[in-house]
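# Tertiary structure, described
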Amino acid sequence: MHDIRLIRDDPAAFDAALAKRGAEPQADTLIAIDERRRAIIAEAQEAQTRRNDLSKQIGQAKAAKDDARAQGLMDEVAALKARLPELEEQERAVEAELNTALAAIPNLPAADVPQGADENDNALVHQKGEPATFAFEAREHDAIAPALGMDFETGVALSGARFTLLRGPMARLSRALGQFMLDRMTEKNGFELVQPPLLVRDEAAFGTGQLPKFAEDLFRTTDGRWLIPTAEVSLTNIVREAILSEAELPLRFTALTPCFRSEAGAAGRDTRGLIRQHQFDKVEMVSITTPDQSDAEHERMTTCAEGVLEALGLPYRRMLLCTGDMGFSAARTYDLEVWLPGQARYREISSCSTCTDFQARRMMARYRPTEGKGTRFVHTLNGSGLAVGRTLVAVIENYQQADGSVVVPEVLRPYLGGQAVLEPR
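Residues numbered from 1 in each chain as written. Predicted model: local features only at pLDDT ≥ 70, side-chain atom pairs only at ≥ 80, totals over all residues. Heavy atoms only, no water.

Convention followed: UniProt positions are given in the numbering used here, feature names are shortened, and annotations may be inferred rather than shown by experiment.
The name recorded for the protein chain in an unreviewed UniProt entry is Serine--tRNA ligase, from Sphingomonas parapaucimobilis NBRC 15100. Quoted verbatim from the Subcellular location (unreviewed entry) field of the UniProt record, the comment on the protein chain reads "Cytoplasm".

## Some details on the layout of surface pockets
Put simply, the rule is: Definitions used for this entry: grid spacing 1 Å over protein atoms alone; cavity, a set of points where a 1.4 Å probe fits but cannot get out; pocket, an open set with protein on both sides within 12 Å along at least 5 of 7 lines; lining residue, one with an atom within 4 Å of a point. Grid points are joined across faces, edges and corners, and a volume is the space filled by probe spheres set on the points. Each helix corresponds to a stretch of at least 4 residues labelled H or I by DSSP, and each strand to a stretch of at least 2 residues labelled E; elements are numbered beginning at the N terminus. Amino acid classes used here: Ala, Val, Leu, Ile, Met, Phe, Trp, Tyr, Cys and Pro are nonpolar; Asp, Glu, Lys and Arg are charged; the rest, including Gly, are polar. Note that domain bounds follow an automatic or database assignment of domains.
The volume enclosed by the second largest pocket comes to roughly 230 Å³. Looking at the second largest pocket, it is lined by 14 residues, and the ones nearest its centre are His2, Asp3, Ile4, Asn99 and Leu102. By residue number, the principal contributor to the lining of the second largest pocket is helix H4 (residues 67-103), which donates four residues. Grouping the amino acids of the lining of the second largest pocket by side-chain chemistry returns six nonpolar, two polar and six charged. No fewer than three residues from each of domain 1 (4-104) and domain 2 (119-422) sit in the lining of the second largest pocket.

## Considerations on the pairing of strand E16 (residues 379-387)
To be explicit about the condition: Relative accessibility thresholds used throughout: buried, under 20% of the residue-type maximum; exposed, over 50%; partly exposed, between the two (1.4 Å probe, protein chains only). Here, a strand pair is defined by DSSP locating no fewer than two bridges between the strands.
Judged by how many residues are buried, E16 sits mostly within the fold: nine of nine residues are covered. Alignment of strand E10 (residues 279-289) against E16, held across seven bridges, turns out to be antiparallel. Of the residues in E16, the one forming a bridge with Thr289 is His379. In this sheet, E16 lies alongside strand E13 (residues 345-354) in antiparallel orientation, the contact comprising three bridges.

## Details of helix H7 (residues 168-188)
Spacing of three or four residues puts side chains on the same side of an α-helix, whose turn is 3.6 residues. The condition that has to hold: What a helix is expected to span follows from its residue count: subtract one and scale by 1.5 Å.
Under the 1.5 Å per step criterion, the end-to-end length of H7 is 29 Å for 21 residues, consistent within 8% with the ideal 30 Å. Within H7 the residues assigned to the buried category are Met170, Leu173, Ser174, Ala176, Leu177, Gly178, Phe180, Met181, Leu182, Asp183, Arg184 and Met185. Gly190 lies just past H7 and shows a positive phi near 75°.

## Topic: the sheet that holds strand E7 (residues 226-227)
As a general point, the strands of a sheet are linked pairwise by backbone hydrogen bonds and lie either parallel or antiparallel. The strand order E5-E7-E6 describes an open sheet built from three strands, whose pairing is antiparallel. Single-partner strands in this sheet number two, and they are strand E5 (199-200) and strand E6 (219-220).

## Here's the deal with the UniProt feature "coiled-coil region" (unreviewed entry) in the protein chain
Following the UniProt record, the feature "coiled-coil region" (unreviewed entry) maps to residues 37-104 here. The distance from the first to the last C-alpha atom of residues 37-104 is 19 Å, and the span holds 94% helix and 0% strand.

## A closer look at the pattern of salt bridges
Filter applied, for reference: One speaks of a salt bridge when a side-chain nitrogen belonging to Lys or Arg is within 4 Å of a carboxyl oxygen belonging to Asp or Glu.
One pass over the structure, following the stated rule, counts 25 salt bridges. Residues Asp34 and Arg8 are paired through a salt bridge, measuring 2.5 Å at the closest nitrogen-oxygen approach. With a gap of 26 residues between them, Asp34 in helix H3 (residues 27-63) and Arg8 in helix H1 (residues 4-9) connect regions that are remote in the sequence. Among the residues examined, Asp34 registers a relative accessible area of 0% and is labelled buried. A single salt-bridge network, built from bridges that share partners, covers Asp3, Arg5, Asp357 and Arg361.

## Digging into the pairing of strand E11 (residues 316-320)
Moving residue by residue along a regular strand, the side chains alternate between the two faces of the sheet. Within E11, four of the five residues are buried, which leaves it mostly tucked inside the rest of the structure. Both strand E1 (residues 123-128) and E11 contribute to a ladder of five bridges, which runs antiparallel. By the bridge assignment for E11, Leu124 is matched with Met319. Pairing analysis gives five bridges linking E11 to strand E12 (residues 332-340), with the strands arranged antiparallel. Within E12, the residue paired with Arg318 across the bridge is Leu336.

What follows is the structure, encoded as structure tokens:
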């Protein structure tokens, strides 16, 4: 959500920032709505002031026994009394119109975000690890994993397209990956472990920017709740409507949860394998900071995600997303892309974003500075640390052997009772 006062102060800068995201100018429209709101407020204030003044004059007229004047003043007070509720209703309606318009506008990009139309315009930040070479033709995960317990057919039979059943070795490896990531986030990186609800109200989905614009991307229950598309929704809303002390910040939360996405805009994309599913597990990171901490926290969070890839021995690269490829709530996003030998290309495995105060305004999440008066909005950040299913794919493809077996990365072996190789059935 944007601050209408900042838009009024520099409408040209606001529209210029939107233009970088390929969005149409909005400042004039928003300011016009706000002018109507302010005019109504001014009229209501004038009416209330006039009503108070007339009340004093009525007393004076009665004291002077000027009944005709007193009656005329009382008639005017009655008219004002009837007008004030009308103005209050008008103000509520225009306020709702303004908030609806503001809620539909994406966050403004940070100054260092490259302008571009899509993923082809993203900027390479760095690349780490050398892609593995094989003495045989590398295969994709959906050709290797079925013999290890990745059951696509049963998943589809149970639930339809984009669902997968994991059995035996694949289920154990998936669980090991999730637990390893959680342990790293909590024990090494200082995130607080949270087990959040998987169902949230409208207000929570609105707070992180999923509603109202992206309702079709979510699954909704019969009682009106939403299945979370990412634990970011639950974790960020922990501070909803809170006023924190500066000494409490930063707050860092992590959770391993199922995530549910309708993939409404992904028809025909990645229909094979485990890359794009309606249900998947993900370790999420969320940080709540002061504005002056948020850039450093963004770098820290992204480095935490990179640390998981490095510990697993997976080659990856960091990309700075251009304005046309960023999410709705993000001001800056780093994508981590892991090398998949079977596909012979890098694929996204984590997104780490700073949302500045965009989500905080929607949630009314604030803090009280140590120095100075009043409150300020916090900054919120979120990132994947990592998507478990895509990490499973990366391990399978990077550690595949000619005989169809998969070597278990060393850091995962303690979670598998020391097992070093997954053998095909």
